[in-house]
Amino acid sequence: MRFNTTTTFKRYVLPGAIIIIVVSSLWLISKDSLPEGLIQVNGRLEGDRITVSTEYSGKIWRLDAKEGDLVEAGQIMARLDNERLQKQFSQAKDAFEVFQKQVRADEVNLRIQKKEMPLTIGQAEAGVLQASEALEKAEAKEKKALRDAKRARELRPSGAVSEDYLEKVELLLDTAGRDAAIARASLNQAQAALTSAELEEERILAQQSRLEALYAERDKAQNAVEEIRCVLDKYIIRAPASGTVTAKLVSLGETLAPGSPLFDMVDLDQLYLKAYLPEPHLGKIRRGLEAHVFTDAFPDQPFNAEVDYIASRSQFTPKEVQTKEERVKQVFALKLYLNENPEHSLSPGMPADALIRWKDDVSWRLPVQ
């Protein structure tokens, strides 16, 4: 059976070509069917890079994160060997405990001294008063005994008093003299006790000064403990923000210098869509314009964004974004920062479309597919 080439072309090929042309035209019309005031761009989600590094030198004892992990802010990512520092920490804690016990003991003694001082002074003053009264009585007796003895001595030659009486008054005078001497000694002791009690305030002030010096030593030891504790905490490397680990830069057992990077991360709360704007649309775009970002994972859910960066120089469209024909066009790079990333559902690398609204009175719609 022979086929007529012309007939075949007209019957089969030509209608198919017409259909293809019509479909292509419809696609082009659809592609350009956004209302005036909306511009559609596409690209991939990216994020601000975060480098996780160490402040101190040390050997990596443990790695808790790997490339591709989603980590939360504060999550442990790695640990450095801290055995030597742990020993210093224990010694510093022991020194602090010694000072703390001494401070507490001296505080108790000082409180007791302050409470006892008024009582001690009062007792000493009462002792001086009592000793003074006793001395006054003893001196009065001594004076009377002295007068009686003198009169008896004067009357003895005339026989007005007997020898026994004279001996008696002489004995009373001797006794009164000894009592007066004892009373004077007791008064001196009472006065010395009062002087000592009155000096207790100065001793308390001196004890207070010693205690303050001890406080300073105790605080110095406590600061040493806190400083080592802080360094120990820095030996535990934590995520500075929530994000995705994009690169692990070290290996287990590796010795690091201060400032050495361990991981690269992308902050999931600071994602942006990096897109490319054709040069003819540049005059419509400005920073601060609202945008809706759509991803393949959530095609019907717009994520609010804002134009935050517009490149000052044009470039050829990157080869991974458009076809060979499109790559010769001049475009300007844009960064559309997302206002939020609910439950961190979006990740760097996800392809996305975005609508940028440059006229406020235009209603939002879904992007053109």
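Everything below is about the structure printed above this text.
Residues numbered from 1 in each chain as written. Predicted model: local features only at pLDDT ≥ 70, side-chain atom pairs only at ≥ 80, totals over all residues. Heavy atoms only, no water.

Undergrad: Give a detailed account of the packing of helix α2 (residues 83-155) against helix α4 (residues 200-234), specifying residues and quantitative values.
TA: One can describe the packing of α2 onto α4 by two numbers: an axis separation of 8 Å at closest approach and a directional angle of 160°. For the element pair α2 / α4, the angle class is roughly antiparallel. Classified by chirality, the crossing of α4 by α2 is left-handed. Taken together, the residues that form the contact of α2 with α4 break down as 18 nonpolar, eight polar and nine charged. (Axes fitted to C-alpha atoms, helices over the stretch in contact; angles between N-to-C directions. Helix = DSSP H or I, 4+ residues; strand = E, 2+ residues; numbered from the N terminus. Parallel < 35°, antiparallel > 145°, perpendicular 65-115°, else oblique. Left-handed = near helix turned anticlockwise from the far one by under 90°. Nonpolar A, V, L, I, M, F, W, Y, C, P; charged D, E, K, R; others polar.)

Undergrad: Could you give an account of the environment of Glu36, with specific residues and numbers?
TA: The topology assignment puts Glu36 in the loop between α1 (5-31) and β1 (38-53). Glu36 sits 321 residues away from Arg357 along the chain, and the two C-alpha atoms are 9.2 Å apart. In contact with Glu36, other than residues within four places in its own chain, are Lys284, Trp358, Lys359 and Val362. (Contact = heavy atoms within 4.5 Å.)

Undergrad: Tell me what's going on with the nonpolar core, and back it up with residues and numbers.
TA: Counting 27 residues, the largest nonpolar core has Met77, Val245, Leu262, Phe263 and Met265 as the members making the most contacts within it. Those elements giving two or more residues to this core turn out to be β1, β4 (76-80), α2, α4 and β8 (261-278). The greatest single-element share of this core, amounting to five residues, is contributed by α4. Leave out the neighbours within four places in its chain, and Met77 touches Val52, Leu63, Asp64, Ala65, Ile237, Arg238, Ala239, Val245, Phe263 and Met265. In this structure, Leu45, Ile285, Leu289 and Leu336 belong to the second largest nonpolar core, which totals 24 residues. (Core = buried A, V, L, I, M, F, W, Y, C linked by side-chain atoms within 4.5 Å. Buried < 20%, exposed > 50% of the residue type's maximum accessible area, 1.4 Å probe, protein only.)

Undergrad: Now, about the pattern of salt bridges: what can you tell me, with residues and values included?
TA: The full count for this structure, using the stated rule, is 16 salt bridges. Put simply, Arg229 and Glu226 hold a salt bridge, and the shortest N to O gap is 3.4 Å. Of this pair, Arg229 and Glu226 both sit in helix α4, three residues apart, which is roughly one turn of that helix. The residue Arg287 makes a salt bridge to Asp308 at a minimum N-O spacing of 3.4 Å. Of the two residues, Arg287 sits in the loop between β8 and β9 (290-295) while Asp308 sits in strand β10 (residues 303-310), which places them 21 residues apart along the sequence. (Salt bridge = Lys/Arg side-chain N within 4 Å of Asp/Glu carboxyl O.)

Undergrad: Any details on the packing of aromatic side chains? Residues and values, ideally.
TA: What the rule picks out here adds up to three aromatic pairs. When the ring of Tyr56 is compared with that of Tyr235, the centres are 6.2 Å apart and the planes differ by 35°; the resulting orientation is tilted. With Tyr56 in the loop between β1 and β2 (58-63) and Tyr235 in the loop between α4 and β5 (236-238), this pair connects stretches of sequence that are 179 residues apart. By relative accessible area, Tyr235 is classed as buried at 7%. Between Lys335 and the ring centre of Tyr309, over which it is positioned, the NZ or CZ distance is 5.3 Å. (Phe/Tyr/Trp six-rings, centres within 6.5 Å; stacked < 30°, edge-to-face > 60°. Lys NZ or Arg CZ within 6 Å of the ring centre and 35° of its normal.)

Undergrad: So what's going on with unusual backbone geometry? Residues and values would help.
TA: The phi dihedral of Glu343 is positive, around 55°, even though this residue is not glycine. With respect to the element layout, Glu343 can be found in the loop between β12 (330-338) and β13 (351-357). On the basis of relative accessibility, which here comes to 81%, the residue Glu343 falls in the exposed class.

Undergrad: Break down the pairing of β12 for me, citing the residues and quoting the values.
TA: In terms of residue burial, β12 counts as a mostly covered element, since seven of its nine residues are buried. Pairing analysis gives seven bridges linking β8 to β12, with the strands arranged antiparallel. Paired with Ala275 across the two strands is Leu334, which belongs to β12. The sheet contact formed by β10 and β12 spans five bridges and is antiparallel. Bridging across to β12, Ile310 finds its partner in Leu334. Judged from the two bridges that link them, strand β11 (residues 315-316) and β12 form a sheet pairing that is antiparallel. Its bridge partner lying in β12, Gln315 is registered against Val331. (Pairing = 2+ DSSP bridges.)

Undergrad: Can you break down the sheet that holds β4 residue by residue, with the values?
TA: Read from one edge of the open sheet, four strands run β5-β4-β2-β7, paired in antiparallel fashion. The open sheet has two edge strands with one neighbour each: β5 and β7 (255-256). As judged from the three bridges shared by β4 and β5, these two strands associate in the antiparallel manner. Paired with Ile76 across the bridge in β5 is Arg238.

Purely spatial values, then, with no claim about function.
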